[in-house]
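As a plain string of letters, each chain reads:
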Amino acid sequence: MSVTALYVHVPFCAQKCRYCDFDSRSFAPCDLDAALDAYFEQLYARLDAFGNAGALAGIRTVYVGGGTPSLAGERLVELARRISRWCKPVEFTCEANPESLTSQLAAALAEVGVTRISLGVQTLDNAELAAIGRIHDADRALAAIATVKAAGIDVSCDLMCGLPGQTAASWERTLDGVLTAAPHHVSVYPLTLEEGTPLYRMACRDESLEPDEDFQAACMDVARNRLGAAGYHPYEVASYALDGHECAHNIAYWTGQGYLGLGRSAAGMLDAGDFARLAGLFCGALARGDAYRVRLVQRDDAATTFDAECLSQREAAAEDLMLACRMTRGVGSDLLVRSANIIPEDELAAACDRAFELGLASWVSDDAKGHAGRVTSKDVIEGRTRARLAPTHLGWLDGNVLFELFWDLA
Ligand code: SF4
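Starting from 1, residues in each chain are numbered consecutively following that chain's sequence as written. Two thresholds apply to this predicted model, a pLDDT of at least 70 for residue-level local features and 80 or more for giving and counting side-chain atom pairs, whereas whole-chain, interface and lining totals are computed over all residues. Here the side-chain values reflect all heavy atoms present in the structure, with hydrogen atoms and water set aside.

(A) Representation of the nonpolar core within the structure. Only buried residues count toward a nonpolar core. Its members are Ala, Val, Leu, Ile, Met, Phe, Trp, Tyr and Cys residues joined through side-chain atoms within 4.5 Å. Working definition: with a 1.4 Å probe on protein chains only, accessible area under 20% of the residue-type maximum means buried, over 50% means exposed, and in between means partly exposed. Leu-6, Ile-117, Leu-119, Leu-260, Phe-282 and Phe-406 are the most contacted members of the largest nonpolar core, which totals 105 residues. With nine residues, helix 1 (residues 29–52) is the single largest residue contributor to this core. Grouped together as the second largest cluster of nonpolar side chains are eight residues, Tyr-19, Ile-132, Leu-191 and Leu-199 included. The helix and strand labels rest on DSSP assignments: H or I over at least four residues marks a helix, E over at least two residues marks a strand, and numbering proceeds from the N terminus.

Here it is as structure tokens:
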């Protein structure tokens, strides 16, 4: 099996945030325990099924996301314990929200092999937190960061810009507060209004709630400068880390590695060979004859229904190129040379040239630091020069245009 990453989804939250369209349910406290018990029993069974099929032995990274995994308390600890019976991951992340992360839970998770907690902080402004329907406040978020660090595990903070009522000054205060708390990793996302969410409906009535893209771009710039000055290097569109604290699990996604998904709405991605070996665990999901890669999404709690999306070898190559554009280091020579075995060289070179002409990416020599002025895409694609095509500032802010150039090669 070539699968090295495992994702587990815990679709429960104490209360639904106003902007959220993720799969997560909230229950009255009296019903929550029973719902969590039933859901985790199904997760344990699914985990054992994959383990017995030999699919977990090579797992290097685990990510338990949601939802709010920390809401599950001791069940989450038990899940981590059971996962560690099947594999010895080098990185094990659990998502948590400040209101449900206690010092006992953090210590218990550390004890059973969790190495990293990703905290939904979003902002340190209490009015902004209330406006988006978060149930924690800034003090609780800062306390949660300290709690994770005290347990001896890495902490990452998610932050959002473009929130209702957010100003340049409040964004800077949030960044300053987070930097003072000194997490190992920070992710910065612009708020998007997802159709069907309460915030979307509110913004339809009051357009002042709509995120301003120019303001969001300015916030992203300020974050990049502040975080950079504090030693957090940007390694992906939204991700900043102190050296050695990058998220290996997410890097596996962005570099086209196979991963397994467990739980309702969890996505997995397998190459066709691994899918054929594990097909019995994906109840009725079928792969097309030309499938090179299969993406599977579990549609129910009991793992009886899956959506399967098949990618041809060419589509998978285009996807790898697109994903590489998310990374600060960009599309490397090796990937370009490999891709040219699948995508006609002229088309690949034209996409690289277009990205360069639009100012979305530039060539950076792999041999020496700095821009490689005379590099041509053909030289790199044909293996005569080693250089990578890295997103520029414009390509970082306007990533979708860059991603599309490469996805269009599919
Ligand atoms: S905590 Fe996260 S998953 Fe849960 S409702 Fe809020 S944004 Fe959605």
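What follows continues from the structure just given.
(B) Region of the structure containing the pattern of salt bridges. Here, a salt bridge means any side-chain nitrogen of Lys or Arg that lies within 4 Å of a carboxyl oxygen of Asp or Glu. For the structure shown, the criterion picks out 28 salt bridges. Note that Arg-81 is salt-bridged to Glu-78, the shortest N-O span being 2.6 Å. Placement of the pair is Arg-81 and Glu-78 together in helix 2 (residues 74–86), with a separation of three residues, close to one helical turn. The partly exposed category is assigned to Arg-81, whose relative accessible area is 32%. By relative accessible area, Glu-78 is classed as buried at 18%. The residue Asp-366 makes a salt bridge to Arg-329 at a minimum N-O spacing of 4.0 Å. Here Arg-329 lies in the loop between helix 11 (313–324) and helix 12 (333–339) and Asp-366 lies in the loop between strand 13 (361–365) and helix 14 (377–381), a separation of 37 residues in the sequence.

(C) Inspection of the site of the ligand at higher detail. The full set of residues close to the ligand is Cys-13, Gln-15, Lys-16, Cys-17, Tyr-19, Cys-20, Phe-22, Ser-24, Gly-67, Thr-68, Asn-97 and Arg-134. Asp, Glu, Lys and Arg are counted as charged, while Ala, Val, Leu, Ile, Met, Phe, Trp, Tyr, Cys and Pro are counted as nonpolar; the rest, among them Gly, fall into the polar class. Here the residues of the shell around the ligand are counted per class, giving five nonpolar, five polar and two charged. Whether a residue is near a molecule or strand depends on its heavy atoms: it is near if one of them lies within 4 Å of it.

(D) Region of the structure containing the pairing of strand 13. Of all five residues in strand 13, five are buried; the element is thus mostly enclosed. Covered by surrounding structure in strand 13 are Ala-361, Trp-363 and Ser-365 together with Ser-362 and Val-364, the residues of both alternating faces. Should DSSP find at least two bridges between two strands, the strands are taken to pair. Relative to strand 14 (residues 387–391), strand 13 is paired through five bridges, and the arrangement is antiparallel. Looking across to strand 14, one finds that Ser-365 is bridged to Ala-387.

(E) Highlighting empty space enclosed by the protein. Within this scheme a cavity is a closed region of a 1 Å grid, computed over the protein atoms alone, that accommodates a 1.4 Å probe without allowing it to escape, whereas a pocket is open but has protein on both sides within 12 Å along at least five of seven lines; lining residues each have an atom within 4 Å of a point. Grid points are joined across faces, edges and corners, and a volume is the space filled by probe spheres set on the points. Scanning the entire structure with this criterion turns up one cavity of 30 Å³ or more. If you add up the space inside the largest cavity, you get close to 40 Å³. Lining the largest cavity, in full, are Gly-261, Ala-266, Ala-267, Gly-268, Phe-282, Leu-296, Val-297, Gln-298 and Phe-306. Within the residue set of the lining of the largest cavity, elements represented by two or more residues are strand 10 (267–271) and strand 11 (293–298). A per-element tally of the lining of the largest cavity places strand 11 first, with three residues.

(F) Expanded view of the packing of helix 11 against helix 16 (residues 399–407). Here an axis means a line fitted to C-alpha atoms, over the contact stretch when the element is a helix, while the angle between two N-to-C directions is reported on a 0 to 180 degree scale. Close contact between helix 11 and helix 16 brings their axes to 8 Å; oriented N to C, the two are set at 155°. Between helix 11 and helix 16, the angle is such that the two are roughly antiparallel. For the pair helix 11 and helix 16, the sense of crossing is right-handed. Taking contact as the criterion, the partners of Glu-315, Ala-318, Glu-319, Leu-321 and Met-322 in helix 11 are, on helix 16, Phe-403, Phe-406 and Trp-407. Of the residues contributing to the contact of helix 11 with helix 16, the split by class is six nonpolar, no polar and two charged. Orientation categories follow fixed angle ranges, with anything under 35 degrees roughly parallel, anything over 145 roughly antiparallel, 65 to 115 roughly perpendicular, and all other angles oblique. When the near helix sits turned anticlockwise from the far one by under a right angle, the crossing is termed left-handed; a clockwise turn instead gives a right-handed crossing. By definition, residues are in contact when any of their heavy atoms lie within 4.5 Å.

(G) Seen up close, the packing of aromatic side chains. When two rings of Phe, Tyr or Trp (its six-membered ring) have centres within 6.5 Å they constitute a pair, described as stacked for plane angles under 30 degrees, edge-to-face for angles over 60, and tilted for the intermediate range. By the definition in use, this model includes ten aromatic pairs. One aromatic cluster is present, formed by Phe-12, Phe-27, Tyr-39, Phe-40 and Tyr-44 through successive ring pairs. Across from the ring centre of Phe-282, 5.5 Å away, lies the NZ or CZ of Arg-46, which sits over that ring. Sitting above the plane of the Trp-396 ring, Arg-224 keeps its charged end 4.1 Å from the centroid. Each ring is checked for a lysine NZ or an arginine CZ that lies within 6 Å of its centre and within 35 degrees of its normal; such an atom marks a charge sitting over the ring.

(H) Just the layout of surface pockets, in detail. When its volume is computed, the second largest pocket comes out at roughly 580 Å³. Taken together, 27 residues form the lining of the second largest pocket, with Thr-255, Gly-256, Asp-320, Leu-335 and Arg-338 sitting closest to its centre. Element by element, the count of residues in the lining of the second largest pocket is highest for helix 11, at five residues. Taken together, the residues of the lining of the second largest pocket sort by class into twelve nonpolar, nine polar and six charged.

(I) Seen up close, the environment of Asp-367. Take Asp-367: it is sitting in the loop between strand 13 and helix 14. Taking C-alpha positions, Asp-367 is 42 Å from Arg-288, a pair spaced 79 residues apart along the chain.

(J) Inspection of the pairing of strand 1 (residues 5–10) at higher detail. Counted residue by residue, strand 1 has six buried out of six residues, so it is predominantly covered. With burial as the criterion, each face of strand 1 is covered, one bearing Ala-5, Tyr-7 and His-9 and the other bearing Leu-6, Val-8 and Val-10. One ladder, built from six bridges, connects strand 1 with strand 2 (residues 61–66); its direction is parallel. Of the residues in strand 2, the one forming a bridge with Leu-6 is Val-62. Each parallel crossover has a hand, and the one from strand 1 via helix 1 to strand 2 is right-handed. Crossover handedness is defined here as right-handed if the route from the first strand over the helix to the second strand goes clockwise, with the strands pointing away from the viewer.

(K) Quick look at the state of the cysteines. Note on terminology: disulfide denotes any pair of cysteine sulfur atoms within 2.5 Å. According to the stated counting rule, one finds zero disulfides in the structure shown. Free of any disulfide, Cys-325 has its nearest neighbouring cysteine sulfur in Cys-352, separated by 8.5 Å. On the basis of relative accessibility, which here comes to 0%, the residue Cys-352 falls in the buried class.

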